[in-house]
Structures are given as structure tokens and as C-alpha cells.
Amino acid sequence: MQFQTILDEINTEIRPLLGTGGAVATYIPALARVSPLQFGIALRTFGGQEAAAGDSATPFSIQSMSKVFSLTLAMRSLGETLWQRIGREPSGSPFNSLVQLETERGIPRNPFINAGAIAVADRLLSQGDAKTNLLALLSDLCGEAIHIDAEVAHSEADTGFRNAALANFMKAFGTLDNNTAQVLDVYFNQCAISMNCVQVARAAGYLCRDGAPPYAGPRVITEAQTRRVNALMLTCGTYDAAGEFAFRIGLPCKSGVGGGIVAVVPDTLTLCVWSPALDATGNSHLGRIALELFVTKTGLSVF
């Protein structure tokens, strides 16, 4: 399959749509300044073939896409004990909702909503230097040094009042072990990691390789754990639009409010799209359209 030709076609079809729908995330000041007139797409196949088009080399804030990698670290170090305080069900609510936490006594519905990712950050903090370990994992996976955007991290911390409320609420129920300020520091910094589409497609390569790394090295997670991460991405990875993504795209996906979406075709490839303007559910408006074009042109789906 000529993936480069397909990505070039998608880029050509998406370009005229830039600026025609969605809006950048304004509740994080550093993201509010990002131009919405950008689109990138990149993929890496199971065998190492790469293709990219558009603004695929432009760094962006991966935001909630980081939750895939923090979850991977936590599953690797904690195994099944991770799920004692975190659920595995779709939320059907906005990613920063407080409502379910109260009715479910401080147990987040899944690791991909903000409360769940904060609980994962708490588990990682108990294991050591969570920020360093996460950056080391990402750097190893994509073969390049990965960094945190300090400006975005500060912007997250300055405006993250709802996330602070989530953390304090869970602390009150005994879900978090560590100091909430330290946990939030891990969470805000992981969301502020800066990568481009090519790097994300590479880093996620283990998810289409049954847990084997995209380059040389030890297995990232087990085959069973890889299937579970992909299952959670399919059912919970795009906030309260997960059903719509499964219906229209049919691939495990994880989005972030920086405008990125990473998608997995098991045993075949990983794909990253990026366009900063978001739809009403917090997912990239043109990223979703690009993924629909990709599955239409390739016929690739888990269904």
C-alpha cells in the first residue's frame, strides 16, 4: 500500500478546510496562542516504514495523548494492582467532570479522563521520579530526546483549578497516596510534553506490535497489556465522543486538547494526526475528518 501517496492526498483534501471549523483550547493560555491553520499527519508501519505530510514535523503539546504512555508505565510497574483505584469503563461525561467522582466515591471511571490520569500520576509518583521516567520512555520509543514545554506546564498549573479540585476530591476519598501538589505537578508536566506527529507515530509503535518496541530494546509491555491499552483507547480514548469515533473510524484512538490524535491499527501501523482547532467534545475537528479519510482510503479498521 502506498502510504505516502495516501497521506499526501489527505493533506491536500484537508488544507482547504483549515480555519473552517472548531476552535483552539482557550482555557490553557499557552494553547490559546497556537495557530489553528495547521495540519500534520504521519505514520509508522509494523515493519518500520514511515510516511508523513503537512505540518508533521511541527512540535505541539501532546496533552492527554500522554495518558497512553503514563498508563503504559503504570501497567508495566504495577500490573493488575493498578486497577484497585481506577475503573475501565467509558465515562460518557466531559473529561474534566467532577460529577461521577462523587457518585462513585472517588474512583475515576477510566485512566483517560483527567481524574483517572491524575490517579495514574499518583501511582507513578510512588514508584519514583515520574517525570524523568516518562520522558525516558518516550525518548527511547521514538529514538529522539523528548522534552517538556515549560511555558505550557506553567500555564497548566496557573489555570488548572478544576484538575486541582479533582485531585483534592480523590485525596479526600483516599484514592491518592501522595501530596496533591506533587501529583498535579507530574500531571501538568506530562500534559506539557512537546512532540510532533512523526515522533508520536514512532513512540506509539509498540501498540501495533503486541508490546514490542518500534526499535531495539526490551518489550515495553506484554501482549495482554497491549490489547488492554488498545481496548481502553477504543472505548475511552476520545472523551465522551468515543462511541462516535468507533462508529466513524473504527480504530483505537487517544486524543489531546493540543489537537493531536494517535490511532492504532493492530499488527499494521500507528498513525498521528494534528490540527489545533477542537470540536465541542475537545477532539481535533480536522484530525477526526483526516482519520475518517484514512480508513476510507485504506480500508483499515479493527472491525
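Coordinates for the structure precede this section.
Read on for an overview of the structure.

1. A word on the packing of aromatic side chains
We describe a pair of aromatic rings using the distance from one ring centre to the other and the angle between the two ring planes. In this structure the tally under the stated criterion is 5 aromatic pairs. Ring centres 6.5 Å apart and planes at 20° place the aromatic pair Phe3 and Phe294 in the stacked group. Of the two residues, Phe3 is situated in helix H1 (residues 3-14) and Phe294 in helix H13 (residues 285-298); the sequence distance between them amounts to 291 residues. There is no split in this pair, since Phe3 and Phe294 are both buried. An angle of 5° between the planes, with centres 5.1 Å apart, marks the rings of Phe60 and Trp274 as stacked. A residue pair is termed long-range when its members are at least 10 positions apart, and Phe60 in strand E3 (residues 60-61) and Trp274 in strand E8 (residues 269-274) qualify at 214 residues. For Phe60, a relative accessible area of 4% corresponds to the buried category. Exposure remark for Trp274: the relative accessible area of 2% places this residue in the buried category. In this structure, Arg44 packs its charged tip against the face of Tyr215, placed 4.5 Å from the ring centre. Here the basic side chain of Arg209 rests over the ring of Phe46, its NZ or CZ set 4.9 Å away from the ring centre.

2. Some remarks on the sheet that holds strand E1 (residues 40-45)
Spatially, E2-E1-E8-E7-E6 is the arrangement adopted by the 5 strands of the open sheet, whose pairing is antiparallel. Looking at which strands have only one partner, the edges of the open sheet turn out to be strand E2 (50-54) and strand E6 (253-255). When the angles between neighbouring strand axes are averaged without regard to direction, this sheet yields 10°. As paired elements, E6 and strand E7 (residues 260-265) share 3 bridges and run antiparallel to each other. Counterpart to Cys253 in the pairing with E7 is Ala263. Lying on the sheet, H13 is in contact with E1, E6, E7 and E8; it crosses E8 at an angle near 145°.

3. A few points about the pattern of salt bridges
The full count for this structure, using the stated rule, is 16 salt bridges. For the salt bridge of Arg123 with Asp122, the shortest nitrogen-to-oxygen distance reads 2.5 Å. Judged by relative accessible area, which is 9%, Arg123 ranks as buried. A salt bridge links Glu292 to Arg248; the nearest nitrogen and oxygen atoms lie 4.0 Å apart.

Parameters at a glance
- Every chain is numbered on its own, with residues counted from 1 as its sequence reads.
- For this predicted model, a pLDDT threshold of at least 70 governs which residues receive local features, and a threshold of 80 or more governs which side-chain atom pairs are given and counted, while totals over whole chains, interfaces and linings are taken from all residues.
- Derived side-chain values reflect all non-hydrogen atoms in the structure, with water molecules and hydrogen atoms excluded from consideration.
- Working definition: rings of Phe, Tyr and Trp (its six-membered ring) pair if their centres are within 6.5 Å, and the pair is stacked with planes under 30 degrees apart, edge-to-face with planes over 60 apart, and tilted otherwise.
- In this description a helix means any DSSP run of H or I spanning at least four residues, a strand means any run of E spanning at least two, and both kinds are numbered starting from the N terminus.
- Throughout, exposure labels follow a simple rule: accessible area from a 1.4 Å probe, protein chains only, divided by the maximum for the residue type, with under 20% read as buried, over 50% as exposed, and the rest as partly exposed.
- Charge-over-ring placement is defined geometrically: NZ (Lys) or CZ (Arg) within 6 Å of the ring centre, and within 35 degrees of the ring normal.
- Two strands are counted as paired when DSSP detects at least two bridges linking them.
- Every angle, taken between N-to-C directions, lies between 0 and 180 degrees, and every axis is a line fitted to C-alpha atoms, over only the stretch in contact when it is a helix.
- Whether two residues touch is decided by their heavy atoms; if any such pair falls within 4.5 Å, the residues are in contact.
- For salt bridges, the criterion is a side-chain nitrogen of Lys or Arg within 4 Å of an Asp or Glu carboxyl oxygen.

So far we have only geometry, and geometry alone does not tell us how the molecule works.
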